[in-house]
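Next come the chains, spelled out residue by residue.
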Amino acid sequence: MMMVRRGLLAWISRVVVLLVLLCCAISVLYMLACTPKGDDEQLALPRANSPTGKEGYQAILQEWEEQHRNYVSSLKRQIAQLKEELQERSEQLRNGQYQASDAAGLGPDRSPPEKTQADLLAFLHSQVDKAEVHAGVKLATEYAAVPFDSFTLQKVYQLETGLTRHPEEKPVRKDKRDELVEAIESALETLNNPAENSPNHRPYTASDFIEGIYRTERDKGTLYELTFKGDHKHEFKRLVLFRPFGPIIKVKKEKLNMANTLINVIVPLAKRVDKFWQFMQNFREMCIEQDGRVHLTVVYFGKEEINEVKGILENTSKAANFRNFTFIQLNGEFSRGKGLDVGARFWKGSNVLLFFCDVDIYFTSEFLNTCRLNTQPGKKVFYPVLFSQYNPGIIYGHHDAVPPLEQQLVIKKETGFWRDFGFGMTCQYRSDFINIGGFDLDIKGWGGEDVHLYRKYLHSNLIVVRTPVRGLFHLWHEKRCVDELSPEQYKMCMQSKAMNEASHGQLGMLVFRHEIEAHLRKQKQKTSSKKT
């Protein structure tokens, strides 16, 4: 223990000495820069009897002094950040060395702090060498290339458009916005470094920034190439910056036991008996026979076809010996938000995990565990991105050629798409749902209520897990957008309807089918004429 304290005191004393020397060096540079120059060097500054006079001299001197002050402040800030980062990395490396030594049956590695810091810096520099910064890397195909995105002060031009679908946009996400601002500020600090410029150089500002490009290699770091206006026409300043990724560190290790985690699947419904029968076939196999830790709550609107729905529930209950279900009947017009809200609040037991589900959803037993693993009461809610199926009649050419449902559920670009604009299927604990205020019950009909709830969670301190999942599918069905919907709801419904039918290429083949058929007839005629 005494040896550890001595080593720590020695390391701290070295850091203090280095900081004192660095401050002394900065002070000397400051004094040298502010000392009046000789006659030859003073020609660049206004003389006391020149048109600008003494005031002009003092103004330039103050400006130069302000630049030095800003530069010194920047250096101090960087030193503080480096100290903090080096201490964290040194501790991480020491812990890693202790663990490796213990695993090998050796004592702890008493490497000095200077060595661990040097190892860390060497690792960060190696990240630059491995990335495509100084030279290209041979790639097998065009699919292996990592493209750049470009940006200006106002806009980002991107290939991966994300949820907004905008190829050009102002950075919406705060992390992306802060990242690019930090890159520009770092470049300006370098350009305005007094040690690299003459006393009468003009200061660079953000208005001098023309454009930049950046890309991220996920195992190495992010490369930025920033272009600024130069001092003369047709001249430019380019800065290449790199943000290296550090080594992977362990955050926590935990054991999760989901044996007693019950999921309450809540389904709002009105009519649609055939879809409910199909849903119950999937529910029986995945929830009753395979998982066995599920409760079903059906919230039914109206009385039309209610006996048929009750009959399907009773038949399933008898055939599978399943009693864990609740049937709630509501009057009035269908409201998805109201149905889910009533179903969630109806539960009288202990805090339960809710899965808000629709009757045209197919899920696997593996998804149920994914639902459990990505939720935590008071901390985390799960918003999976499901895979939405295209119209099988278009995909397979003819209804007679459509394969069984299980064979249709394949995740390919020809068969469907990730429904990243949908937020209706979600897993969250009942306590979080109640605390956040539930659904907006003023919304009637189709759409909108799920987005409002999603935004509530985004505005809270809970972690929102949003990710595509392989075991959750939206089955295709013909969508009808009724006139009773509000203009915004009707627009959302029509957009959803257009995206549900087929891929861009498949829809194009339908639009141009007459031209394609005419081409095929001409080719057939040419072939037959050659034979004769």
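This one's a predicted model, so the numbers in the text were calculated from it and none came from an experiment. Along every chain, residues carry numbers that run from 1 in the direction the sequence is written. Only residues with pLDDT of at least 70 are given local features in this predicted model, and only at 80 or more are side-chain atom pairs given and counted; all residues enter the totals for whole chains, interfaces and linings. Side-chain numbers here rest on the full set of heavy atoms in the structure, without hydrogens or water.

Engineer: How should I be thinking about the pairing of strand β14 (residues 426-429) in this particular structure?
Structural biologist: In the case of a regular strand, side chains alternate between the two sheet surfaces. With a 1.4 Å probe rolled over the protein chains alone, any residue whose accessible area is under 20% of its type maximum counts as buried; one over 50% counts as exposed, and the rest are partly exposed. Starting at the N terminus, helices and strands are each numbered in turn, a helix being any DSSP run of H or I of at least four residues and a strand any DSSP run of E of at least two. Covered by surrounding structure in β14 are Thr426 and Gln428 together with Cys427 and Tyr429, the residues of both alternating faces. Two strands are counted as paired when DSSP detects at least two bridges linking them. Inspection of the sheet shows strand β10 (residues 353-356) paired to β14 by four bridges, in the antiparallel sense. Looking across to β14, one finds that Phe356 is bridged to Thr426.

Engineer: Sorry, what's going on with the sheet that holds strand β3 (residues 168-169) here?
Structural biologist: The sheet built from six strands is open, its strands ordered β3-β2-β1-β4-β5-β6 with antiparallel pairing. Every interior strand has two partners, whereas the edge strands, β3 and β6 (236-244), have only one. In this structure, strand β4 (residues 209-217) lies alongside strand β5 (residues 221-229), joined through eight bridges in antiparallel fashion. Counted as the bridge partner of Gly212 is Leu226 from β5.

Engineer: I tried to follow the pattern of salt bridges on my own but got confused; where do I start?
Structural biologist: Side-chain pairing between opposite charges can occur once the charged atoms of the two side chains come close. Put simply, a salt bridge is a Lys or Arg side-chain nitrogen that is within 4 Å of an Asp or Glu carboxyl oxygen. For the structure shown, the criterion picks out 16 salt bridges. One salt bridge connects Arg202 with Asp231, and the closest N-O pair in it is separated by 3.7 Å. Of this pair, Arg202 sits in the loop between α4 (174-191) and β4 while Asp231 is found in the loop between β5 and β6, placing the two residues 29 residues apart along the sequence. Accessibility expressed as a relative area gives 46% for Asp231, which makes it partly exposed. Close ionic contact of Asp219 with Lys220 constitutes a salt bridge, the shortest N to O distance being 3.1 Å. Looking at Asp219, the relative accessible area reads 52%, which means it is exposed. Each of Arg202, Asp208 and Asp231 takes part in a single network of salt bridges with overlapping partners.

Engineer: Hey, could you run me through a positive patch on the surface in this one?
Structural biologist: The grouping of Arg521, Lys522, Lys526 and Lys530 at the surface amounts to a positive patch. Within the secondary structure, Lys522 is located in helix α15 (residues 513-531). Relative accessible area serves as the criterion here: at 53%, Lys522 is assigned to the exposed category. Patches in this entry comprise residues that are over 30% relatively accessible and not in a salt bridge; like charges within 9 Å are linked, as are nonpolar side chains (Val, Leu, Ile, Met, Phe, Trp, Tyr) within 5 Å. In these tables, accessible area is a Shrake-Rupley quantity obtained with a 1.4 Å probe, and a residue counts as shielded only by the protein chains included in the view. The sign given to each residue is positive for Lys and Arg and negative for Asp and Glu; His and the chain ends receive no count. Charge positions are represented by NZ for Lys, CZ for Arg, CG for Asp and CD for Glu.

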